[in-house]
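Commentary on secondary and tertiary structure
Chain by chain, the residues:
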2 protein chains.
Amino acid sequence: MKTEIITIGDEILIGQIVDTNSAWIAEQLNAAGFTVMRKLSVGDTREAILDALNGALASSDAVILTGGLGPTKDDITKTTLAERFGGRMVRDEATYIRNERILTARGIDYNDLNKGQAMVPDTAVVLQNLHGTAPGMWFETEGKVVVSLPGVPFEMKELMSAEVLPRLLDRFGRHRIIHRTAITFGLAESVLAATIAPWEEALPPTLHLAYLPSPSQVRLRLSAYDVGGDEAQEIERQFHRLEELIPDYFIGYGDATVFSAAARLLISHGATLAIAESCTGGALSAAFTAMPGASEYLMGSVVSYSNDVKSRVLRVSDHDLKHHGAVSETVACQMAEGVRRLCRTDYALATTGIAGPTGGSEEKPVGTVWIALATPDGVSARRFVFGQLRAQNIERATANAANMLRIALLHADALDI
Amino acid sequence: MKTEIITIGDEILIGQIVDTNSAWIAEQLNAAGFTVMRKLSVGDTREAILDALNGALASSDAVILTGGLGPTKDDITKTTLAERFGGRMVRDEATYIRNERILTARGIDYNDLNKGQAMVPDTAVVLQNLHGTAPGMWFETEGKVVVSLPGVPFEMKELMSAEVLPRLLDRFGRHRIIHRTAITFGLAESVLAATIAPWEEALPPTLHLAYLPSPSQVRLRLSAYDVGGDEAQEIERQFHRLEELIPDYFIGYGDATVFSAAARLLISHGATLAIAESCTGGALSAAFTAMPGASEYLMGSVVSYSNDVKSRVLRVSDHDLKHHGAVSETVACQMAEGVRRLCRTDYALATTGIAGPTGGSEEKPVGTVWIALATPDGVSARRFVFGQLRAQNIERATANAANMLRIALLHADALDI
């Protein structure tokens, strides 16, 4: 079944709000096995709404609209739908009574504008909005379905879950699409593609592979129609083969990140972590502490932005700071060892680099970052050269530091077994 | 001038990512005085892209496409555009050489897939992507413009700002719309609206005011058509009046945040800062160090996640930790004083709280956060109770800590003068 999502509102077209509704609806429709062909946003004008609706009905079986159902003059979705689908405006008593109760409780006058929200075309099935004043509407025309929902996210979500999805499944449901997404880190998209080409070519034709690159990781999504066979297990099997092919680059599934992967390994080892940050300025610690349960392994961090704090708190040698500079292998290693000692942990990470936009030199250009890892067995550091942009350099240094820890723990794991 | 935005990628249609690109582009186009008629998202298929493009060209003067420019087989925007606009595929030497340099610096093999990114139809003007490997392309056809940009947000933004907007203004610009946005912090939208109602009512009719609320701040945007008068100065004057009305809540303009406002005050005072973080876990330091120039005032931070680090590194009293708990006024104050002493700074901030999802109690529910500020004149702390969500609690604690520092510096400033 083909679907299209149309979000209505001038505020979307001027970029005043990011349209998160359509992403959520798309996810729900996909999970239910419906294909989303297009997502369209249009303004609050009769012509734009009619154009969008007619275009969508030409190619899709179901169209979900959100927005434009408010009580004020600029919300014209309902009158436009009444015009398109015909019918007389009638009062929906359940909505009328509920809205009176809701508004009176909030101390808002139940005036004519508000009363108008309970008026719906009698060609629509009313979807009761228990959390707001604008009812949803379900139209059928020439074997196709058009659903109109309020734009307020939680009202829309409740109506989608309670009313729209069950009705769509009832009406159109056949084969669900099964998705699973594996996360890789450390190989650029092109290199990953070349590395896993034999695996990709050997995939059964029922599976569809997609590459989803982002600056720090590449996600690989396998999809299949659930035709009642072992599609889910086949996806599982193929991802296991992939993991065996690129163990050091395979992070996990779904929402996994280098941080969650490293955290999981720390917890399974019962190991503790400390962090010393210069160029990442707290972002590395924040990435770990953003996840619940960080207190299980993260004892503490020092953001040693000044050389004074590097030497006094982390015991980095003043001579080495002067001789090699703060952005150097030896200072990175001393920072990691220093914070490991200070916080009495098993592992420690340290970052020192030139995030930019200024501070670069010919020898150490902006984007140069040393990352050190101290373990119970010693300390080592690796040099990276990222790009020109400060935010990206911090993000990449942060992810690569977590990745160094992850790989070390992965191999410590192999040895333990 | 009418424009349409088309974002390309299966990941958008299955709801795997929220399309933030199109909101940003819409905002930029509007600020430049161009009307966005529609935003459309389609999948990575030739038919969908051609349909979308032809539909957009039928009603708009300029079409901005993002996405589908990666090196792998599922990225087909470029070949589809070459088919639509004709022309021979030729190598763009600047892109070829830059990509070789970028990839080699990252230790990535410059293979055929990567080399293919430098191939462009000779019907396009190449927009040099200095921050990534996929070049932008500018096509003209029958007096209309089609621009193809990479989907990676920061690459897209750089190309929009540096290349696309200046070229569009040059080609289509007439009456620009002048926007200016003031940032407020600390008043909920409804309270802010009530507080500034007299100011709002006295605005001249040529100015349009919009409220743009977000969880931690409310932005106020004034817009006017640039008809060659003193529109820009009038906006300036009105915002000055606003600043006088709500000095403690007025953060600044444009991209200003509580962090940039506090940083600016630190620098103008020649004052230094240290930070001790428990529940914010590095996020407060990261918010300051995300801005260039943080080394001018930030000496260092300690993320004291464990009580051991709180007592040994920050010299928080073991007795108070046991007696009052880590989430308490006295521990927050001792953390701030401890890190101020350790890093030898003028000011210090400290956070300690229960970010969640677990760890709450009846007396100290999830969301309870103590924030302390140590100054040359002493130390004090304030208790906040935020919500249930970890990420939000960290974000709010971070912003409110910076705001406490900002207000203190603002009043120190007033005394100095």
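Every chain is numbered on its own, with residues counted from 1 as its sequence reads. Lettering for chains starts from A, numbering for ligands starts from 1, and both go in the order in which the items are written. For this predicted model, a pLDDT threshold of at least 70 governs which residues receive local features, and a threshold of 80 or more governs which side-chain atom pairs are given and counted, while totals over whole chains, interfaces and linings are taken from all residues. Excluded from the side-chain calculations are hydrogens and water; all other atoms, namely the structure's heavy atoms, are used.

Under the scheme used here, helices are H or I runs from DSSP no shorter than 4 residues and strands are E runs no shorter than 2 residues, and both carry numbers assigned from the N terminus. Counting its secondary structure elements, chain A contains 16 helices and 17 strands. With the C-alpha coordinates aligned to their principal axes, the bounding extent of chain A is approximately 85 × 55 × 40 Å. The buried share of chain A, reckoned over its 417 residues, is 57%. Residues count as neighbours in contact if any of their non-hydrogen atoms are within 4.5 Å of one another. Within chain A, contacts between residues at least 6 apart in sequence are counted, and of these 67% link residues at least 24 apart. Each accessible area is a Shrake-Rupley result for a 1.4 Å probe, and residues are judged covered by the shown protein chains and nothing else. With the model as given, the accessible surface of chain A reaches about 17,300 Å², and the carbon-plus-sulfur share is 52%. Averaging the locations of the 38 positively and 50 negatively charged side chains of chain A gives two centres separated by 2 Å. Summary of the burial criterion: residues with accessible area below 20% of their type's maximum are buried, those above 50% are exposed, and those between are partly exposed, where the area comes from a 1.4 Å probe applied to protein chains only. Note that His is not counted, nor are the chain ends; the positive residues are Lys and Arg, and the negative ones are Asp and Glu. All charge positions are set by atom: Lys at NZ, Arg at CZ, Asp at CG, Glu at CD.

What follows deals with the interface of chain B and chain A. If you look at the interface, chain B gives 74 residues, while chain A gives 72 residues. Two parts placed together each lose some accessible area under a 1.4 Å probe, and adding up what both lose gives the buried area. Together, the buried faces of chain B and chain A total about 5,500 Å²; carbon and sulfur atoms form 57% of this surface. Of all residues in chain B, Ile14, Lys39 and Tyr305 of chain B bury the most surface against chain A, accounting for 11% of the area lost on that side. At 7 residues, strand E2 (residues 35–42) of chain B tops the list of elements feeding residues into the side of chain B that touches chain A. Class assignment for the residues of the side of chain B that touches chain A results in 36 nonpolar, 21 polar and 17 charged. Across 5 bridges, the pairing between strand E2 (residues 35–42) of chain A and E2 of chain B is antiparallel. Across the sheet, Arg38 of chain A pairs through a bridge with Val42 of chain B, a residue of E2 of chain B. Residues were grouped as follows: Ala, Val, Leu, Ile, Met, Phe, Trp, Tyr, Cys and Pro as nonpolar; Asp, Glu, Lys and Arg as charged; and all remaining residues, including Gly, as polar. At least two DSSP bridges between two strands are needed for those strands to be called paired.

The next thing to look at is the sheet that holds strand E8 (residues 144–149) of chain B. An order of E6(A)-E7(A)-E8(A)-E3(A)-E1(A)-E2(A)-E2(B)-E1(B)-E3(B)-E8(B)-E7(B)-E6(B) is seen for the 12 strands of this open sheet, with the pairing classed as mixed. Two strands bound the open sheet, and with one partner strand each, they are strand E6 (125–127) of chain A together with strand E6 (125–127) of chain B. The sheet shows a mean angle of 20 degrees between the axes of neighbouring strands, taken without regard to direction. Here 5 bridges tie strand E1 (residues 2–8) of chain B to strand E3 (residues 62–66) of chain B, and the two strands are oriented parallel to one another. Bridged to Thr3 of chain B within E3 of chain B is Ala62 of chain B. Axis definition: a line fitted to C-alpha atoms, over the contacting stretch in the case of helices. Angles run 0 to 180 degrees between N-to-C directions. This element, helix H2 (residues 21–31) of chain A, spans strand E1 (2–8), E2 and strand E3 (62–66) of chain A of the sheet and lies at about 165 degrees to E1 of chain A.

This paragraph deals with the state of the cysteines. Throughout, disulfides are identified as pairs of cysteine sulfur atoms within 2.5 Å of each other. Following the criterion strictly, the structure yields 0 disulfides over all chains and no others. In this structure Cys279 of chain A is a free cysteine whose sulfur lies 14 Å from that of Cys333 of chain A, the closest cysteine sulfur available. Its relative accessible area of 6% is what places Cys279 of chain A among the buried residues. Free cysteine Cys343 of chain A: the closest other cysteine sulfur is in Cys343 of chain B, separated by 13 Å. Among the residues examined, Cys343 of chain A registers a relative accessible area of 3% and is labelled buried.

With that settled, consider the pairing of strand E14 (residues 298–303) of chain B. Two faces make up the sheet, and in a regular strand the side chains alternate between them. All names here are of chain B. Buried residues dominate E14, accounting for 6 of its 6 residues. Taken together, the 5 bridges between strand E13 (residues 273–277) and E14 define a ladder with parallel strand orientation. Bridge pairing links Leu273 to Leu298 in E14. By convention, a crossover is right-handed whenever its connection, traced from the first strand over the helix to the second and viewed with the strands pointing away, goes clockwise. Read from E13 through helix H12 (residues 283–289) to E14, the crossover connection turns out right-handed.

Looking at the secondary structure, you find Ser285 of chain A in helix H12 (residues 283–289). A relative accessible area of 0% places Ser285 of chain A in the buried class. Any pair of N or O atoms that falls within 3.5 Å is considered a polar contact. Within protein, one atom must be able to donate a hydrogen and the other to accept it, and sequence-neighbouring residues count only if both atoms are side-chain atoms. One polar contact links Ser285 of chain A to Glu277 of chain A, side chain to side chain, over a distance of 2.6 Å. Beyond its immediate sequence surroundings of up to four residues, Ser285 of chain A is in contact with Ile275, Glu277 and Ser301 of chain A together with Gly281, Gly282 and Val303 of chain B.

We call a set of buried Ala, Val, Leu, Ile, Met, Phe, Trp, Tyr and Cys residues a nonpolar core when their side-chain atoms join them within 4.5 Å. Counting residues in hydrophobic clusters, the biggest one holds 53 residues, and the most contacted among them are Val302 and Val339 of chain A together with Val302 and Val339 of chain B. Aside from chain neighbours lying at most four places away, what touches Val302 of chain B is Ser301 and Val302 of chain A together with Ile275, Ala276, Glu277, Val309, Val313, Leu314, Val339 and Leu342 of chain B. Core analysis: the next-biggest nonpolar cluster, separate from the first, contains 46 residues, Ile6, Ala48, Leu57 and Leu65 of chain B among them.

Our next topic: the pattern of salt bridges. Should a side-chain nitrogen of Lys or Arg be within 4 Å of a carboxyl oxygen of Asp or Glu, the pair is scored as a salt bridge. By the definition in use, this model includes 22 salt bridges over all chains. Salt bridges sharing common partners tie together Arg46, Glu47 and Glu83 of chain A.

So, about the packing of aromatic side chains. In this scheme Phe, Tyr and Trp rings, the latter by its six-membered ring, pair at centre separations within 6.5 Å, and the angle between planes marks the pair as stacked below 30 degrees, edge-to-face above 60, and tilted otherwise. For the structure on display, the rule yields 16 aromatic pairs over all chains. Ring plane angle 85 degrees and centroid distance 5.8 Å describe the contact between Phe259 of chain A and Phe288 of chain A, whose orientation is recorded as edge-to-face. In this pair, Phe259 of chain A is assigned in helix H11 (residues 258–269) and Phe288 of chain A in helix H12, connecting sequence segments 29 residues apart. Residue classification places Phe288 of chain A among the buried positions, given a relative accessible area of 0%. Here the aromatic cluster, defined as three or more aromatic residues joined through ring pairs, consists of Trp199, Phe239, Phe250 and Tyr253 of chain A. Any Lys NZ or Arg CZ that is within 6 Å of a ring centre and within 35 degrees of that ring's normal is treated as a charge sitting over the ring. When the ring centre of Phe85 of chain A is taken as origin, the NZ or CZ atom of Arg84 of chain A, which lies over that ring, is 5.3 Å away. The ring of Trp138 of chain B carries the charged tip of Arg167 of chain B above its face, separated from the ring centre by 5.9 Å.

Attention now moves to the confidence of the model for chain A. Overall, the prediction assigns chain A a mean pLDDT of 91, with 97% of residues at 70 or greater. Taken over the whole predicted complex, pTM reads 0.73, whereas the ipTM for its chain interfaces reads 0.71. The pLDDT score gives, residue by residue, the confidence of the prediction method on a 0 to 100 scale.

A pair of packed helices can be characterised by two numbers: the angle between their axes and the separation between those axes. Residue and element names in this part refer to chain B. Where helix H2 (residues 21–31) contacts helix H7 (residues 153–172), the axes come no closer than 11 Å and their chain directions differ by 25 degrees. One element, H2, and the other, H7, form an angle in the roughly parallel class. As for how H2 packs across H7, the hand of that crossing is right-handed. Contacts between H2 and H7 pair Asn21, Trp24, Ile25, Gln28 and Leu29 from the former with Pro153, Met156, Lys157, Met160, Ser161, Leu165 and Leu168 from the latter. A breakdown of the residues in the contact of H2 with H7 according to their chemical character gives 8 nonpolar, 3 polar and 1 charged. Any angle from 65 to 115 degrees is called roughly perpendicular, while one under 35 is roughly parallel, one over 145 is roughly antiparallel, and all others are oblique. Should the near helix be turned anticlockwise from the far one by less than a right angle, the crossing is termed left-handed; should it be turned clockwise, right-handed.

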